[in-house]
Amino acid sequence: MNPKKENLHLFMESIIDEIDVGLHVIDKKGHTILYNKKMMQIESMDSRDVMNKNLLDVFMFSKDGDSTLVQALQNGTETKNIKQTYFNNKGKEITTVNNTFPIKDGDEIIGAVEIAKDITKIERLIKDNIKRKGGTRYTFESIIGEGPAIKEVIESAKRATRTASSVLIVGETGTGKELFAQSIHNGSSRSAAPFISQNCAALPDSLIESLLFGTKKGAFSGAIDHPGLFEQAEGGTLLLDEINSLNPHLQSKLLRALQERTIRRIGDTKDTPIDVRIIATINEDPIEAITNERMRKDLYYRLSVVTVFVPPLRDRTEDIPLLIRQFIRKYNELFQMDVQRVDQEVMDNLLSYEWPGNVRELQHTIEGAMNFIADEETIRLNHLPLHFRSKSKARTTVSSQVQVYEETSESLKLKEHLDLSEANYIKALLKKNGYNISKAAEKAGLSRQSLQYRMKKLHIEAKKSF
């Protein structure tokens, strides 16, 4: 049964509002005459803000020609699957993929229609991913330290910003090598280009090679055309962390790329020129790595055009209080706390500790301590990990012994000290052996007569209770 003519308009409206694409129609003056629900969702607009208004009065484009609807209306241009980014009247950025075409009455253009698919969220994710991969957070101002050891390294690293030479950053785990790498990149002429970091120890050799150099479709089962990190970092900086973990084959391939300034994707037959600065890090002495065949000597020479040695925290203990304050500020903000300080006992512990994990370990220690704080403003010893508390008790015992010694030393001469120590030793030995002089002498490595002579000299009686 055919629907009545007067109901056809209602049917069309219902269909237009239910389809899962945005629909926007303008008349020959550029005024909106149709704007469906999906388009409202895409553009975060109400129909009252758009209907019967000129398109360019509502939406903002960088220039009129960027609007595919305007192009269709003015030039009769048809576009298919064209990406367009623009802003609504509240300044919100919108990205769509459009199919746009003019509406004609004979040869006359009387309007234009646009069918749009929303890719705003996808586009934002892509941008965030690029920012995450290519963005950097640290500059030289981010590196905390006032001591001569760290200041010298900072000045050395700053000089490396003037060129595009390769840099090798040497330092133990947790010393902040990536801070220096990012700072060098951000201080150089490449700062606007990508900064991409890859830990060479994080992936197996089979994956790291394709990740670095890319793949050609058909190179192996499931392989697609995909650029590697060298190509993605074009014009910028590629940080290769723990370079000594790469196997010799990959180190050789990396050396060739650095020397020839070209790379070849896995499965490809042609070379691709690259313009990438390489910064590499190593967490051990490079000479030891070469000796133990964990690093090729020729690659070391190629990378170490500039070498930056980041000192361990135990060699810059004067910076520990500065670092502690910084970490307290960081976790106060993160945890919504108001910790103000560490007490002196805690500071003494932290200053005397060797810090095998360096700055990273100190940061984790402060974070861990603040997790044990309720409403207090001071980090105390009981907030620190167990090994700090145990060490403090041991140090207290030793300090007490030293104090007794120091107090005694003020009134006794050396001979008197020696006699006192010997007397205490013999008394303890006799007690342990039931006051049997023969057994005690044997344990002491003395003859019975010799022990008796010492006892007489020191006024020690054989069976006295001590």
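Quick note: structure is the one above.
This structure is a prediction, so every number in the text was calculated from the model and none was measured.

Undergrad: I keep staring at the pattern of salt bridges and nothing clicks. Help me out?
TA: Opposite charge on two side chains permits pairing when their charged atoms draw close. By the definition in use, this model includes 16 salt bridges. Its salt-bridge partner being Glu 155, residue Lys 158 comes within 3.9 Å of it at the nearest N-O pair. In this pair, Lys 158 and Glu 155 are both assigned in helix H7 (residues 148–159), three residues apart and thus about one turn of the helix distant. Between Lys 253 and Glu 209 there is a salt bridge whose closest N-O contact spans 3.0 Å. Linking Lys 253 in helix H11 (residues 248–260) with Glu 209 in helix H9 (residues 205–213), this pair joins segments that are 44 residues apart in sequence. Given a relative accessible area of 18%, Glu 209 falls into the buried group. Linked by salt bridges that have partners in common, Arg 190, Arg 261 and Asp 275 make up one network.

Undergrad: Would you explain the packing of aromatic side chains in this entry?
TA: Remark: the centre distance and the inter-plane angle together describe each pair of aromatic rings, the angle taken between the planes. For the structure shown, the criterion picks out six aromatic pairs. Ring geometry for Tyr 300 and Tyr 301: centres 5.4 Å apart, planes at 50 degrees, overall tilted. Since its relative accessible area comes to 13%, Tyr 300 is described here as buried. Residue classification places Tyr 301 among the exposed residues on the basis of a relative accessible area of 54%.

Undergrad: Any chance you could explain the sheet that holds strand E12 (residues 306–309) here in plain terms?
TA: Strand pairing in a sheet relies on backbone hydrogen bonds. The paired strands run either parallel or antiparallel. Spatial strand order, E7-E8-E11-E6-E12: five strands in an open sheet with parallel pairing. Each edge of the sheet is formed by a strand with only one pairing partner; in this case those strands are strand E7 (195–199) and E12. Across the sheet, the axes of successive neighbouring strands diverge by a mean angle of 15 degrees, strand direction being ignored. Relative to strand E11 (residues 277–282), strand E6 (residues 167–170) is paired through four bridges, and the arrangement is parallel. Counted as the bridge partner of Leu 168 is Ala 280 from E11.

Undergrad: Hey, could you run me through empty space enclosed by the protein in this one?
TA: One water molecule sets the probe size; rolling that probe over the atoms shows where empty space is left. This structure, assessed with the given rule, holds two cavities of 30 Å³ or more. Its volume calculated, the largest cavity comes out at about 50 Å³. If you trace the largest cavity, you find it lined by His 24, Glu 43, Leu 55, Phe 61, Ser 67, Thr 68, Leu 69, Gln 84, Tyr 86 and Glu 114. The set of elements that each furnish at least two residues to the lining of the largest cavity consists of helix H5 (68–75) and strand E3 (79–87). Within the lining of the largest cavity, the residues separate by chemical class into four nonpolar, four polar and two charged. When its volume is computed, the second largest cavity comes out at roughly 40 Å³. As for the second largest cavity, its lining consists of Phe 230, Ala 257, Leu 258, Arg 261, Ile 274 and Val 276. Tallied by class, residues from the lining of the second largest cavity come to five nonpolar, no polar and one charged.

Undergrad: Whenever I open this one, the sheet that holds strand E4 (residues 93–105) confuses me. Can you help?
TA: Spatially, E2-E1-E5-E4-E3 is the arrangement adopted by the five strands of the open sheet, whose pairing is antiparallel. Every interior strand has two partners, whereas the edge strands, strand E2 (32–35) and E3, have only one. Here the strands of the sheet are splayed against their neighbours by 30 degrees on average, with no regard to which way each runs. Pairing between strand E1 (residues 22–27) and E2: three bridges, direction antiparallel. From the neighbouring strand, Val 25 faces E2, where its bridge partner is Leu 34. H5 contacts E1, E3, E4 and strand E5 (108–118) of the sheet and is inclined by roughly 160 degrees relative to E5.

Undergrad: Looking at this model, I keep getting lost on the layout of surface pockets. Mind explaining?
TA: By volume, the largest pocket is sized at about 740 Å³. Looking at the largest pocket, it is lined by 29 residues, and the ones nearest its centre are Tyr 138, Gly 176, Leu 179, Val 359 and Gln 363. Secondary structure elements with two or more residues in the lining of the largest pocket: helix H8 (177–186), strand E8 (237–241), helix H14 (320–335) and helix H16 (358–371). Of the residues belonging to the lining of the largest pocket, the class tally is ten nonpolar, eleven polar and eight charged.

Undergrad: When you look at the pairing of E5 in this model, what are you seeing that I'm missing?
TA: For a regular strand, the rule is simple: side chains alternate between the two faces of the sheet. Note: E1 against E5, six bridges, orientation antiparallel. Its bridge partner lying in E5, Gly 22 is registered against Ala 116. Strand direction decides the pairing type here: E4 and E5, joined by ten bridges, are antiparallel. The partner of Asp 105 across the bridge, within E5, is Glu 108. Between E4 and E5, which pair antiparallel in sequence order, lie two residues; one of them, Gly 106, sits at a positive phi of approximately 70 degrees.

Rules behind the numbers
- Residues numbered from 1 in each chain as written.
- Predicted model: local features only at pLDDT ≥ 70, side-chain atom pairs only at ≥ 80, totals over all residues.
- Heavy atoms only, no water.
- Salt bridge = Lys/Arg side-chain N within 4 Å of Asp/Glu carboxyl O.
- Helix = DSSP H or I, 4+ residues; strand = E, 2+ residues; numbered from the N terminus.
- Buried < 20%, exposed > 50% of the residue type's maximum accessible area, 1.4 Å probe, protein only.
- Phe/Tyr/Trp six-rings, centres within 6.5 Å; stacked < 30°, edge-to-face > 60°.
- Pairing = 2+ DSSP bridges.
- Axes fitted to C-alpha atoms, helices over the stretch in contact; angles between N-to-C directions.
- 1 Å grid on protein atoms, 1.4 Å probe; cavity = no way out; pocket = protein on both sides within 12 Å on 5 of 7 lines; lining within 4 Å.
- Points joined across faces, edges and corners; volume = space filled by probe spheres on them.
- Nonpolar A, V, L, I, M, F, W, Y, C, P; charged D, E, K, R; others polar.
- Contact = heavy atoms within 4.5 Å.

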